[in-house]
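# Observations on chain architecture
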Amino acid sequence: MEGSIKRLVVCGASGNVGLPVVQAALARGIKVLAVCRNPDKITIKNENLTTVAVDLSKDGALLEVLHPDDTVVFCAYMSEGSQESSFKNTFKAVEEKGIQRIVYTGGVMSMKIDDEHRVYDLEDIKKNYAAYAKNNRMQTEFTAQSKLNWTEVDFGMVIAGSKTPESKTTNFYGKDVKLVEFTEVLEDVEYVTAPTFNFYVMSEVIANKIIDVASKQVFLRQHVAYNNGLYAPKRGL
C-alpha cells in the first residue's frame, strides 16, 4: 500500500489518462477501483484491481461504490454535454461520502499567467480550443467554491512548435518562449512563465506524479503542473 492510499478510485479508468494511472498504481501494489462506463475496455488482470460500471453524469451513481477512506482521482473526459455534470457529480459524491481529498487532472491552460488571468483567458486559446477552455474554466471556478481539499494536476506539456530539446525554446503563435524544465514541478504552482499549451499526451512519468500527489497531503487547493518530457513536432495552430 502506497503512503496513505488504502484504495485508489480512478474515475475515467479506461481512458488515455485513467488507464496509465491504473497501471502505475497496480505496479506499486495499490488496490484500485477502476470506474468507467465500459469496464470491458480494461483487460488488465490483477488481484488488486476491481472494475465497476458507473455513468458519472448520473447524480448519485458514484456514491454507491465509494468508501469513506478512499483516495479519488478524477481523470474522466466525457462528451462536451456531460463533462460538467460528471465533474460536479464526482465532487458531490466524494463530499457526501466524507472523503476529505480529491485529485483531478487537467491541462496547463488552467494555470495562471498573471494575478488575474489564466491561459484559458487568452484570445487565441478561446478561439482555437473553445471546448477545452470552457471545461478548464468550469473546473477552476467550481473548485474555488468547493469545501473539499482538492489538487489539480496539470500535465502533458507537449509544446506546440517545439524545437530541439537543446534549444530550450518553442514557438507559440509566432513568438519564441522558453521551455520549462522537464518532469519537474513548476517553481510556483499557481503560475506559468509563458502561455504554453498541451495536447493531453500522457506518459508514465505523469501517471506516477498523479499517484505521488494523491498519496500525500500536498498542494491542497492548488494547481500543480508537470512536464511529461515529450516533444511534439511543429504543427499549425
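Please refer to the structure placed before this passage.
The text that follows walks through the structure, step by step, so that each part is easy to find. (Residues numbered from 1 in each chain as written. Predicted model: local features only at pLDDT ≥ 70, side-chain atom pairs only at ≥ 80, totals over all residues. Heavy atoms only, no water.)

## What to know about helix α1 (residues 18-27)
Along an α-helix, residues three or four positions apart point the same way, because every turn accommodates 3.6 residues. Along α1, the residues that are buried comprise G18, V21, V22, A24, A25 and L26. Against the buried residues of α1 lie β1 (8-11), β2 (32-36), β3 (49-53) and α5 (204-214). In the segment just after α1, G29 is the residue with positive phi, at about 80°. (Buried < 20%, exposed > 50% of the residue type's maximum accessible area, 1.4 Å probe, protein only. Helix = DSSP H or I, 4+ residues; strand = E, 2+ residues; numbered from the N terminus. Contact = heavy atoms within 4.5 Å.)

## A look at the packing of aromatic side chains
The final tally for this structure, using the stated rule, is 8 aromatic pairs. Taking the centre distance of 6.3 Å and the plane angle of 40° together, the rings of Y77 and Y132 count as tilted. With a gap of 55 residues between them, Y77 in the loop between β4 (71-74) and α2 (80-96) and Y132 in helix α4 (residues 130-145) connect regions that are remote in the sequence. Residue class for Y77 comes out partly exposed when judged on its relative accessible area of 49%. Centroid distance Y104 to W150: 6.0 Å. Interplanar angle 50°. Geometry classified as tilted. Placement of Y104 in strand β5 (residues 101-106) and of W150 in strand β6 (residues 149-154) is noted, with a sequence separation of 46 residues between them. Classification of Y104 as buried rests on a relative accessible area of 0%. (Phe/Tyr/Trp six-rings, centres within 6.5 Å; stacked < 30°, edge-to-face > 60°.)

## Brief notes about the side chain of E152
Within the secondary structure, E152 is located in strand β6. Here E152 sits buried without a salt bridge, and the closest side chain of opposite charge, R118, lies 7.0 Å off (N-O distance). For E152, the side chain forms a polar contact with the side chain of Y104, separated by 2.8 Å. Not counting the four nearest positions on each side in its chain, E152 is found in contact with Y104, G106, G107, S110, N136, Q139, T140, Q222, H223 and V224. (Lys, Arg positive; Asp, Glu negative; His and termini not counted. Salt bridge = Lys/Arg side-chain N within 4 Å of Asp/Glu carboxyl O. Polar contact = N/O pair within 3.5 Å; in protein donor to acceptor, adjacent residues only side chain to side chain.)

## Focus: the packing of α1 against α5
The N-to-C vectors of α1 and α5 enclose an angle of 65°; their axes lie 8 Å apart at closest approach. Between α1 and α5, the angle falls in the class roughly perpendicular. Handedness of the α1/α5 crossing: right-handed. Taking contact as the criterion, the partners of P20, V21, A24 and A25 in α1 are, on α5, A207, N208, I210 and I211. A class-by-class count of the residues in the contact of α1 with α5 yields 7 nonpolar, 1 polar and no charged. (Axes fitted to C-alpha atoms, helices over the stretch in contact; angles between N-to-C directions. Parallel < 35°, antiparallel > 145°, perpendicular 65-115°, else oblique. Left-handed = near helix turned anticlockwise from the far one by under 90°. Nonpolar A, V, L, I, M, F, W, Y, C, P; charged D, E, K, R; others polar.)

## Section: unusual backbone geometry
Even without being glycine, F219 reaches a positive phi, approximately 55°. For F219, the position within the fold is in the loop between α5 and β9 (222-225). Of the residues examined, F219 reaches a relative accessible area of 24% and is grouped as partly exposed. Phi is positive for R221, which is not a glycine, with a value near 55°. Structurally, the position occupied by R221 is in the loop between α5 and β9.

## What to know about the sheet that holds β1
In spatial order, the strands read β3-β2-β1-β4-β5-β6-β9; together these 7 strands make up an open sheet with parallel pairing. Strand pairing shows two members of the sheet lacking a second neighbour, β3 and β9, which therefore form its edges. Along the sheet, successive strands turn relative to each other by an average axial angle of 20°, direction set aside. Relative to β4, β1 is paired through 4 bridges, and the arrangement is parallel. Residue pairing across strands places L8 opposite T71, the latter belonging to β4. (Pairing = 2+ DSSP bridges.)

## Remarks on the state of the cysteines
This model, assessed by the stated rule, comprises 0 disulfides. Free cysteine C36: the closest other cysteine sulfur is in C11, separated by 9.9 Å. For the unlinked cysteine C75, the closest cysteine sulfur is that of C11, found at 7.5 Å. Look at C75 and you get buried, because its relative accessible area is 9%. (Disulfide = S-S within 2.5 Å.)

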